[in-house]
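Each chain, written out:
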Amino acid sequence: MVSYILRRLGAGLATVLLMTIIIFIIVRLVGDPAHLMLPPEATEADRDLFRQQLGTADPLFVQYLRFLGGLLQGDLGTSFRYGVPALGIVLERLGPSLYLTGTAMAFAVGLGVPLGILSAVRPGGVADQAGRLFAVLGQSAPPFFFALLFIRFFSVELHWLPTGGYGGFSHVLLPALALGWYSAAGLMRLTQANMAEVMDAEYIKMARIKGLPERVVILKHALSNASLPVITFAASQFGILLGGAVSIEAVFSWPGFGKLIVDAISQLDYTVVQAAVVVSAALFILINLVVDLLYAFIDPRIRYGR
Amino acid sequence: MVADALSRREPAVAAPRRRISLRGAVRRARLVLALSILALVVGSALLAPWIAPFDPNAMDLGNALQPPSAEHWFGTDQLGRDVFSRAIVGGQLSLLIAAAVVALAGTSGTLLGIVAGYRGGWIDGIIMRVADIQYALPPVILAMVMVGAIGPSTTNIVAVITLANWARFARVIRAEALSLRHRDFVLLARLAGASHLRIVLVHILPNVRNTLLVLLTLDLGLIIILEATLSFLGLGIQPPDPSWGTMIADGRGYLERAWWTSILPGCVLMLTVLAANLLGDSLRAGNGSEEAR
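Residues numbered from 1 in each chain as written. Chains lettered and ligands numbered in written order. Predicted model: local features only at pLDDT ≥ 70, side-chain atom pairs only at ≥ 80, totals over all residues. Heavy atoms only, no water.

Peer 1: Break down the overall build of chain A for me, with residues and values.
Peer 2: For chain A, the helix and strand inventory stands at twelve helices and zero strands. Taken over the C-alpha atoms alone, chain A extends approximately 85 × 60 × 30 Å along its principal axes. Relative to its full complement of 306 residues, chain A shows a buried share of 49%. Summarising the internal contacts of chain A: among those between residues at least 6 apart in sequence, 73% fall at separations of at least 24. (Helix = DSSP H or I, 4+ residues; strand = E, 2+ residues; numbered from the N terminus. Buried < 20%, exposed > 50% of the residue type's maximum accessible area, 1.4 Å probe, protein only. Contact = heavy atoms within 4.5 Å.)

Peer 1: Give a description of the overall build of chain B that names residues and reports values.
Peer 2: Each helix and strand counted, chain B has twelve helices and zero strands in total. Taking all 293 residues of chain B together, the buried fraction comes to 53%. Across chain B, contacts joining residues at least 24 apart in sequence account for 70% of those joining residues at least 6 apart. Accessible surface for chain B amounts to roughly 13100 Å². Of this, 66% is attributable to carbon and sulfur atoms. (Areas by Shrake-Rupley, 256 points an atom, 1.4 Å probe, with all protein chains shown as cover.)

Peer 1: Please give an account of the pattern of salt bridges that cites residues and values.
Peer 2: With the rule as written, the count across this model stands at eight salt bridges over all chains. A salt bridge links Asp 128 of chain A to Arg 132 of chain A, with the shortest nitrogen-to-oxygen separation between them at 2.7 Å. Placement of both Asp 128 of chain A and Arg 132 of chain A in helix H6 (residues 126–138) is noted, with a separation of four residues, approximately one turn of the helix. Comparing Asp 128 of chain A with Arg 132 of chain A shows no difference in burial state: the two are buried. With a closest N to O distance of 3.1 Å, Asp 132 of chain B and Arg 129 of chain B form a salt bridge. Taken together, the residues Asp 132 of chain B and Arg 129 of chain B, both in helix H5 (residues 121–135) and three residues apart, mark about one turn of the helix. (Salt bridge = Lys/Arg side-chain N within 4 Å of Asp/Glu carboxyl O.)

Peer 1: Provide a residue-level description of unusual backbone geometry, including the pertinent values.
Peer 2: For Ser 253 of chain A, which is not a glycine, the phi torsion comes out positive at approximately 45°. For Ser 253 of chain A, the position within the fold is in the loop between helix H10 (214–252) and helix H11 (257–266).

Peer 1: So, the domain arrangement of chain A: which residues are in play, and what are the values?
Peer 2: Residue and element names in this part refer to chain A. Domain parsing of chain A yields domain 1 (2–86) and domain 2 (90–298). Using C-alpha coordinates to define each centre, domain 1 is positioned 33 Å away from domain 2. Across the contact, 28 residues belong to domain 1 and 20 residues belong to domain 2. Counting each side, the surface lost to burial between domain 1 and domain 2 is near 2200 Å², with a carbon and sulfur contribution of 73%. There are zero salt bridges connecting domain 1 and domain 2. When contributions to the side of domain 1 that touches domain 2 are tallied by element, the ones reaching two or more residues are helix H1 (2–28), helix H2 (33–36) and helix H4 (60–72). A per-element tally of the side of domain 1 that touches domain 2 places H1 first, with 13 residues. (Domains from an automatic or database assignment. Buried area = accessible area lost by both parts, 1.4 Å probe.)

Peer 1: Provide a residue-level description of the packing of aromatic side chains, including the pertinent values.
Peer 2: Given two aromatic rings, their pairing is described by the distance between the two centres and the angle made by the two planes. Residues and elements named next belong to chain A. The final tally for this structure, using the stated rule, is twelve aromatic pairs over all chains. Judged by centre distance (6.2 Å) and plane angle (15°), the ring pair of Phe 150 and Trp 181 falls under stacked. With a gap of 31 residues between them, Phe 150 in helix H7 (residues 143–157) and Trp 181 in helix H8 (residues 169–198) connect regions that are remote in the sequence. Classification of Phe 150 as buried rests on a relative accessible area of 15%. What makes Trp 181 buried here is its relative accessible area of 17%. What links up through ring pairs into an aromatic cluster is the set Phe 134, Phe 146, Phe 150, Phe 153, Phe 154, Trp 160 and Trp 181. (Phe/Tyr/Trp six-rings, centres within 6.5 Å; stacked < 30°, edge-to-face > 60°.)

Peer 1: Give a detailed account of the nonpolar core, specifying residues and quantitative values.
Peer 2: Inside soluble globular proteins, nonpolar side chains tend to come together where they are buried. Counting 169 residues, the largest nonpolar core has Met 144 and Val 145 of chain B as its most contacted members. Looking at which element gives the most residues to this core, the answer is helix H4 (residues 83–119) of chain B, with 15 residues. Taken domain by domain, this core gets at least three of its residues from each of domain 1 (2–86) and domain 2 (90–298) of chain A. (Core = buried A, V, L, I, M, F, W, Y, C linked by side-chain atoms within 4.5 Å.)

Peer 1: Describe in detail the interface of chain B and chain A, supporting the description with residues and values.
Peer 2: Between chain B and chain A, the residue contacts involve 48 residues of the former and 53 residues of the latter. Summed over both sides, the interface of chain B with chain A buries roughly 4400 Å², with 74% coming from carbon and sulfur. Between chain B and chain A we count one salt bridge in total. Counting across the interface, chain B meets chain A through three residue pairs in polar contact (both at pLDDT 80 or more). (Polar contact = N/O pair within 3.5 Å; in protein donor to acceptor, adjacent residues only side chain to side chain.)

Peer 1: Could you give me a rundown of the side chain of Asp 269 of chain A, with the residues and numbers involved?
Peer 2: All names here are of chain A. Checked against the element boundaries, Asp 269 lands in the loop between H11 and helix H12 (270–298). A relative accessible area of 0% means that Asp 269 is categorised as buried. There is a polar contact of 2.6 Å between the side chain of Asp 269 and the side chain of Ser 79. Residues within four places of Asp 269 in sequence aside, it is in contact with Ser 79, Phe 80, Arg 81, Tyr 82 and Ala 264.

Peer 1: Please set out the confidence of the model for chain A residue by residue, giving values where relevant.
Peer 2: A residue-level look at chain A finds 94% of positions with pLDDT of 70 or above and a mean pLDDT of 81. By mean pLDDT, H2 of chain A is the weakest element of chain A at 68, and helix H5 (residues 86–121) of chain A is the strongest at 88. (pLDDT = per-residue confidence, 0-100.)

Peer 1: Describe helix H3 (residues 44–54) of chain A, and please don't skip the residues or the numbers.
Peer 2: Residue and element names in this part refer to chain A. Within the sequence span of H3, burial applies to Arg 47, Phe 50 and Arg 51. Looking straight down H3, one finds its buried side chains confined to an arc of 100°; they lie on one side. Of the residues in H3, the exposed ones pointing more than 90 degrees away from the buried face are Ala 45, Gln 52 and Gln 53. Directly beyond the C-terminal end of H3, a positive phi value near 85° is found at Gly 55. (Arc of directions from axis to C-beta.)

Peer 1: Help me get a handle on helix H10 (residues 196–232) of chain B, residues and values and all.
Peer 2: All names here are of chain B. Here H10 spans only 45 Å end to end across 37 residues, well under the 54 Å set by a 1.5 Å rise per residue. Considering bend angle alone, the principal kink of H10 is centred on Arg 209 and spans about 45°. Just downstream of H10 lies Gly 234, where phi reads positive at about 85°. (Expected span 1.5 Å × (residues − 1). Bend = angle between axes of the 7 residues up to and from the residue.)

Peer 1: Account for a nonpolar patch on the surface, naming residues and giving values.
Peer 2: Taken together, Leu 18, Ile 21, Ile 22, Ile 25, Leu 29 and Leu 60 of chain A together with Ile 150 of chain B make up a surface patch of nonpolar side chains, about 560 Å² in accessible area. When residues of the nonpolar patch are assigned to their parent elements, the largest contribution, four residues, is made by H1 of chain A. Mapped onto the fold, Leu 29 of chain A is located in the loop between H1 and H2. (Patch = residues over 30% accessible without salt bridge, like charges linked within 9 Å, V, L, I, M, F, W, Y side chains within 5 Å.)

Peer 1: With reference to specific residues and values, describe the side chain of Thr 271 of chain A.
Peer 2: Residue and element names in this part refer to chain A. By secondary structure assignment, the location of Thr 271 is in helix H12. A residue is classified by how much of its surface remains accessible, and Thr 271, at 9% relative accessible area, is buried. For Thr 271, the residues in contact, after removing those within four places along its chain, are Leu 76, Gly 77, Thr 78, Ser 79, Phe 80 and Ala 86.

This is how it looks when you write it as structure tokens:
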């Protein structure tokens, strides 16, 4: 088990490293900040000085090594724009994004899983039909479009909820619902499919013959056996939610990580883009690792390592 | 009986266990519905220059933000442009990009997946490590960063979305190729002296065709959504060219006064993705493969 964790961590680290090289190169395709950030009347000498201060005058691989050296010490460079450590800016914005994606995930699980169970327990019933419609619609539009529909209806029409801004439950409700619908749809379908399969199993018949109440049969015997793929799938949705959060944050003026990347790209703030990508890749790989371990923990039949 | 047993094994389809004939009818109806919507959207996009009632970029400030009417089916936007015309012309570019990406990502992903799965060894290792990188970041963020670097021309958008999407094909097809590699008919072909190229083309490729078809259809919706997201964020198709994403973005500020400028183009987008997804589901149900996204 320990060697498995180490191997996975090693592979994850290698991926992050490859990622940094690629991002490092991509980000430098953007253009020379000495041209983009200094006023047009600046002289070539001014520009050279500026480049030296930023460290962009050195050869690319020297810059990359410096970047890696800093990475090892937790230093991801200084923001060109704000003059403060890029990592700090990124981590500061990560909080609101995790709050948003976490709430969206809670909605996705809280809506998707029960709908999937209901739909599997009584195929063709009202819950099944409604759940199916819910799933089909949720996977058919980008989250920002649901966000606009919700704003139009709940904020403009009914005046129930604010149209945007950062804050407590009333502020996070609409963005999280719009963001989570897509994942809720996937979870509903997966739960439904797994439950339907499990409900056919011999041990479910056995449990019923024993005279257990239907509630116990479904929630204890069927659900616990159908839950494994559901858990992995739910965790795999974090990446999708983090990606979807970019447009949701733009719609609701949410001071998150995605908005930071959009702004940093348009302001050509290399170091912030770099730091944001490294942090999100590391986060993503860590989540995947935790999920795999969780999997082994829940299902003792799974053994890792060769 | 056999059909019933087979269709029971499709967890991903999530069809209710009902009488087979009824389920078949429902499935056929869904397929017809999906195909008709797609035909309508693709058809109107192709014929847009002839059927669009107005010039999509013709401004008429005296006629701005008019609600839907007999003349302007989807109303007009803040510059007095006809939203309906812009929605069908916008579909042109969105669908073109989606089709190009699906073709490119599908082809490259399939080829790389087959090579990785069939050859194995270090080639497999390299291809899959590169695919891992793509999986280490949400596609939207990856595409955003790349477009930000190289600029949002149509070609660049296609290239970037392709780069952010090929790995899904490669992974699934690799798994299939891996399992086909040791099958008897492949071994027999090797014994008979067939070249690797011939085996891949004649024995592997036809056997991954069904999976590929399902993946392609399901991916179509995802790619339309990804392109719309980029355009929505201002990193995709640039104004004044209409696209569904930019139209939704432009109408954002008019949700109170003129909801139609953003909601109606969004509905067209939604209907298109819905049809693509329904088609993918029908195909998946048809060949019993279980690839979820």
